[in-house]
Amino acid sequence: MRAIWKGAVSFGLVSIAVKLYSATEEKDIRFHQVHRTDGGRIKYQRTCSIDGEVVSYDDIAKGYDIGGGEMVILTDEDFADLPLTTSRAIDVLEFVPADDIDPILFAKAYYLEPEGQAAKPYVLLRDALKDADRVAIVKIAIRQREQLATLRVHDDVLVLNTMLWPDEVRTPEFGFLDEDIETRPAELAMASSLIDSMAGSFKADEFTDNYRAALQEVIDAKVEGREIVQPEEADEAPAAAIDLMAALKASVERAKQARGEASADTSAATAPKKATPIKKAAAKKATPAKKTAEKKATPAKKAAKKSA
């Protein structure tokens, strides 16, 4: 891994020199835009919308659209005096319980590594956060942008999670929120039963990106020159649930069957009531046939003995 930022964690009078590394990486398969006929890469030029001239990077500035076709142009000098006081520091503001933070605020994760002689205070802060069962709320400036973040412990390493500012989280405005929709106690109980039947502990290694794996197989096949055969899926689309209680009950039963659990109540309720009389009638009909077969077999057996 390559460090993308260097600075120091500051809390109280303690300063810890650290390096910042991206803790995650996207595994998406990336493609280039190419000419279909010869595979040539597609290139783009930066042109001015007014004079049509090709513009070099040195002549490109940042513009803020104020509406009405007017643009305010900002230069590097305009950004130089902005108050990024935390440009090389991770300032701890407070320590809070992790449950106080809504996960919707989390953005990107980074590993922190102690630099130079900072291992001892680094471990001290790590262990103190563990014992307190809290996370640190900090401010940091990355790529010329001040961000709110948290410091927490993961696998004995301090992890910095950048966060969205509160005004960056949109307010959900959906029509159904204004409707008076009530759930019946029986429906709620059945939904809770479904949740219980599907409960488990999250293990990230048990989940895979099936689409990416299949796409990689397609690419590998293209490279090897093999013919790609895509089998048709036989699964039918699920029917729309009309009866909510019936759908919940069926979902609970399916979840239990998937776990190898049998539900006596559900099995008894879903079993056809007329199955027993039909079975008895079939048994009665089968008995005479069986006796007849036995009677016919006896003379043949005696005849076989005489001839022997």
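Predicted, not measured: the structure shown is a model, and the values here were computed from it.

### Considering the nonpolar core
Grouped burial of nonpolar side chains is what soluble globular proteins tend to show. If you look at the biggest cluster of nonpolar residues, it comprises 21 residues, and the most contacted ones within it are Val9, Ile90, Leu112 and Leu160. The biggest single contributor to this core is strand β7 (residues 135-142), with four residues. Excluding its chain neighbours within four sequence positions, the residues that come into contact with Val9 are Val14, Ser15, Ile16, Val18, Ile90, Val92, Leu112, Leu125 and Leu151.

### Focus on unusual backbone geometry
Positioned with a positive phi, Asp133 is a non-glycine residue whose angle comes to about 55 degrees. Residue position: Asp133 is located in the loop between α2 (119-132) and β7. Positive phi values are uncommon outside glycine, yet Asp155 reaches one of about 55 degrees. Relative to the helices and strands, Asp155 is located in the loop between β8 (145-154) and β9 (157-163). Judged by its relative accessible area of 65%, Asp155 is exposed.

### What to know about the sheet that holds strand β5 (residues 89-96)
Read once around its circumference, the closed barrel built from seven strands follows the order β1-β2-β6-β9-β8-β7-β5, with strand pairing classed as mixed. On average, each strand axis in the sheet is inclined to that of its neighbour by 40 degrees, with strand direction left out of account. Across five bridges, the pairing between strand β6 (residues 106-114) and β9 is antiparallel. Among the inter-strand pairings, Ala109 is bridged to a residue of β9, identified as Asn161. Docked against the sheet, α2 engages β1 (5-11), β2 (14-22), β5, β6, β7, β8 and β9, running at close to 70 degrees with respect to β9.

### Describing helix α5 (residues 244-258)
Compared with the 21 Å implied by 1.5 Å per residue over 15 residues, the 21 Å span of α5 between its first and last C-alpha is a close match. Buried within α5 are the following residues: Leu248, Val252, Glu253 and Ala255. One face of α5 carries all of its buried residues, which in axial projection span an arc of 160 degrees. Among the exposed residues of α5, those oriented more than 90 degrees off its buried face are Arg254, Gln257 and Ala258. Where α5 ends, the next residue or the one after it, Gly260, has phi of about 80 degrees, a positive value.

### What to know about a nonpolar patch on the surface
A contiguous nonpolar patch, built from Tyr64, Ile66, Val72, Leu74, Phe79 and Leu82 and spanning about 540 Å² of accessible area, is present on the exposed surface. Counting residues per element, the ones that place at least two in the nonpolar patch are β3 (62-67) and β4 (70-74). Looking at the element boundaries, Tyr64 is found in strand β3. On the accessibility criterion, Tyr64 (56% relative accessible area) is exposed.

### Focus on the pairing of β3
Counted residue by residue, β3 has zero buried out of six residues, so it is predominantly exposed. One ladder, built from five bridges, connects β3 with β4; its direction is antiparallel. Counted as the bridge partner of Lys62 is Leu74 from β4. The turn linking β3 back onto β4 is made up of two residues, and Gly68 within it adopts a positive phi angle of 65 degrees.

### Describing the environment of Ile195
If you trace the backbone, Ile195 turns up in helix α3 (residues 185-197). On the basis of relative accessibility, which here comes to 59%, the residue Ile195 falls in the exposed class. Sequence separation of Ile195 and Ser251 is 56 residues, and the distance between their C-alpha atoms is 9.9 Å.

### Describing the confidence of the model for the protein
Confidence in the prediction of the protein, expressed as mean pLDDT, is 80, and 78% of residues score 70 or more. In the model of the protein, helix α7 (residues 275-307) stands out as the element of lowest mean pLDDT, 43, in contrast to β9, which has the highest, 96. In the model, residues 263-308 has pLDDT below 50 throughout and makes five contacts with residues more than four positions away in sequence or in other chains.

What counts, and where the lines are drawn
Residues numbered from 1 in each chain as written. Predicted model: local features only at pLDDT ≥ 70, side-chain atom pairs only at ≥ 80, totals over all residues. Heavy atoms only, no water. Core = buried A, V, L, I, M, F, W, Y, C linked by side-chain atoms within 4.5 Å. Buried < 20%, exposed > 50% of the residue type's maximum accessible area, 1.4 Å probe, protein only. Helix = DSSP H or I, 4+ residues; strand = E, 2+ residues; numbered from the N terminus. Contact = heavy atoms within 4.5 Å. Pairing = 2+ DSSP bridges. Axes fitted to C-alpha atoms, helices over the stretch in contact; angles between N-to-C directions. Expected span 1.5 Å × (residues − 1). Arc of directions from axis to C-beta. Patch = residues over 30% accessible without salt bridge, like charges linked within 9 Å, V, L, I, M, F, W, Y side chains within 5 Å. Areas by Shrake-Rupley, 256 points an atom, 1.4 Å probe, with all protein chains shown as cover. Salt bridge = Lys/Arg side-chain N within 4 Å of Asp/Glu carboxyl O. pLDDT = per-residue confidence, 0-100.

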